[in-house]
Amino acid sequence: MRKVYLDYNATTPVDPSVREAMLPFLGEEYGNPSSLHWVGARARKALEESREKIARHVSCLPEEIFFTSGGTESINLAIKGTISKAKKEHVITSQIEHKAVLESIEDLEKGGRIDVTRLGADQKGDINLDSLREAIHEKTVLISIMFVNNEIGNIYPVEAIGRIARERGIPFHTDAVQAVGKLPIDLSKLSIDLLSFSAHKIYGPKGVGALFVRKGVKIGRILHGGAQEMEKRGGTENLPGIVGLAEAMERMHRDFEEESQRLASLREMMEKGLLGTISGVHIHGNEKWRIPNTLNVTFEGITNETILVALDREGIAVSSGSACASGAIEPSHVLLAMGVSREEAKGAVRFSLGRGTSEHDIDFVLKRLPGIVERIRQ
Ligand code: PLP
């Protein structure tokens, strides 16, 4: 049976070049970067070379990159590391963030450490910058707004947000898990102070990521236990993973333009195909400001759970885009924040394309979907 994977925003397969780069570090290059002997020195060299490669791809200094166990840890470190224990502070975020941001902030809020302003979104999923400006006050110590939304693919104006934050002297963190490797990012030109990213969304291994912390920006630790990562994160570094992250970023940049264009045209083929063959199809997000691989769609009158199961039976893997709570798919908090009704949000399906997606795959899905939707509706 043909298998089609259209869930690249959830995770990606490890690229062969990444696997190859990692292999020595699962074998003969077994050193601990903190060890003072020759084995450690070799590991340390690989660690620092990886840091340099990654820094080059986002135009920052190597000493501004701190390795973590992935996007979620980077986000927790950025947010919790910024909030001081001493006084009640104010944080601005949005309602459409990934759970890693929402729950890190909620945790601090529940502990009585912070007050929070959560900016809403309009029906295209965009955030109003005037509302951001108005929300800032003298106790605001952090703005955390994502670079790219994982469900609808919208790209947020981090350049403008950074300028607003910088003018008021407030650190700006952005969750760039869906942006790094998918968009050109030049941190020398953006007023971003903290930027989180992850390897497994860009054909790297799972369980490794990094946090960019701009020189001069102070953050505390959340993982204690050693002086690794310039004393910002205790624990022996995941060297195979870090080497994999560096290679994944190199690999993404090798054919970045062509691949982005290829994905955009496949996404367009998918979008046009769905709109042309199925009635009651609604596309979510801002069609002008979306990363090229993501398409979020509601099929009127049916829940995404039924479509997901029916597609899975045909060998097609897609996602609802939102988290599963106790086995049932909850309507997406992103779509609800955009004013989409609960009923419509329950029908949203996310197709996310990637390096392995071909025209044949899209064709296959477009041939199967109309029948599936019709059967479910009946
Ligand atoms: N932020 C966004 C936007 C994501 O899409 C994800 C992954 O789903 C994360 C954060 C969490 O990253 P990780 O899986 O590396 O912890």
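For the structure itself, consult the block above.
Below is a summary of the structure that appears in this document. (Residues numbered from 1 in each chain as written. Predicted model: local features only at pLDDT ≥ 70, side-chain atom pairs only at ≥ 80, totals over all residues. Heavy atoms only, no water.)

1. Section: the overall build of the protein
Condition: Segments assigned H or I by DSSP are reported as helices when at least four residues long, segments assigned E as strands when at least two residues long, and all are numbered from the N terminus. Every radius of gyration here is taken over C-alpha atoms, with the globule rule written as 2.2 Å times N^0.38, N being the number of residues. A 1.4 Å probe rolled over the protein chains alone gives each residue an accessible area, and that area as a share of the maximum for its type sets the label: buried under 20%, exposed over 50%, partly exposed in between. A contact between two residues is defined here by any heavy atoms of the two lying within 4.5 Å.
Broken down by element type, the protein carries 13 helices and 14 strands. Computed over C-alpha atoms, the radius of gyration of the protein comes to 21 Å, within 12% of the 21 Å expected from 2.2 N^0.38 for 378 residues, which places it in the range of a compact globule. For the protein, the spread of C-alpha atoms along the three principal axes comes to 65 × 55 × 40 Å. Every one of the 378 residues in the protein was classed for burial, and the buried ones make up 57%. Long-range contacts, defined as pairs at least 24 residues apart, comprise 73% of the intrachain contacts of the protein with a sequence gap of at least 6.

2. Focus: the pairing of strand β3 (residues 89–94)
Rules: Think of it this way: DSSP has to see at least two bridges between two strands before they count as a pair. With the strands pointing away from the viewer, any crossover whose connection runs clockwise from the first strand over the helix to the second is right-handed.
The element β3 is extensively covered by neighbouring structure, given that six of its six residues are classed as buried. Burial along β3 is two-sided: E89, V91 and T93 facing one way and H90, I92 and S94 facing the other are all buried. Bridging between β3 and strand β4 (residues 114–119) involves six bridges; their strand directions are parallel. Bridge pairing in β4 links I92 to T117. The β-α-β motif built from β3, the intervening helix α4 (residues 99–110) and the parallel element β4 has right-handed crossover chirality. In terms of strand pairing, β3 meets strand β5 (residues 140–144) through three bridges, oriented parallel. Paired with V91 across the two strands is L142, which belongs to β5.

3. Structural notes on the side chain of S50
Of note, S50 is situated in helix α2 (residues 38–58). Each residue touching S50, except ones within four places of it in the same chain, is listed here: F67, I242, V243 and A246.

4. Comments concerning the sheet that holds β3
Let me state the cut-off plainly: For helices, the fitted axis covers only the stretch in contact; all axes are lines through C-alpha atoms, and the angles between them, taken along N-to-C directions, range from 0 to 180 degrees.
Taken together, the seven strands give an open sheet; going across it, the order is β2-β8-β7-β6-β5-β3-β4, and neighbouring strands pair in mixed fashion. Lying at the two open borders of the sheet, with one neighbouring strand each, are β2 (65–68) and β4. Shown here is a sheet whose adjacent strand axes are inclined to one another by a mean of 20 degrees, direction ignored. In the sheet, β2 pairs with strand β8 (residues 209–213) via four bridges, with the strands oriented antiparallel. Paired with F67 across the bridge in β8 is A210. Packing against the sheet, α4 makes contact with β3, β4, β5 and β6 (172–175), and its axis sits at approximately 145 degrees to β4. Those strands touched by helix α8 (residues 239–254) are β2, β7 (194–198) and β8, and its axis lies near 95 degrees from that of β7.

5. Re the sheet that holds strand β9 (residues 281–284)
Ordered in space as β9-β10-β14, the three strands form an open sheet in which the pairing is antiparallel. Looking at the sheet topology across the chains shown, the edges are occupied by β9 and β14 (348–352). Here the average twist between neighbouring strands, direction ignored, is 30 degrees. Two strands pair when backbone bridges link them, and β9 and strand β10 (residues 294–299) are joined in this way by four bridges, in the antiparallel orientation. Within the sheet, the bridge partner assigned to H284 lies in β10 and is N296. Against the sheet, helix α9 (residues 256–277) contacts β9, β10 and β14, and its axis sits at roughly 10 degrees relative to β10.

6. A few points about helix α6 (residues 158–167)
In an α-helix, one turn spans 3.6 residues; hence positions three or four apart end up facing the same way. All of the buried residues along α6 are V158, A160, I161, G162, I164 and A165. Turning to α6, the residues buried within the fold contact α5 (129–135), β5 and β6.

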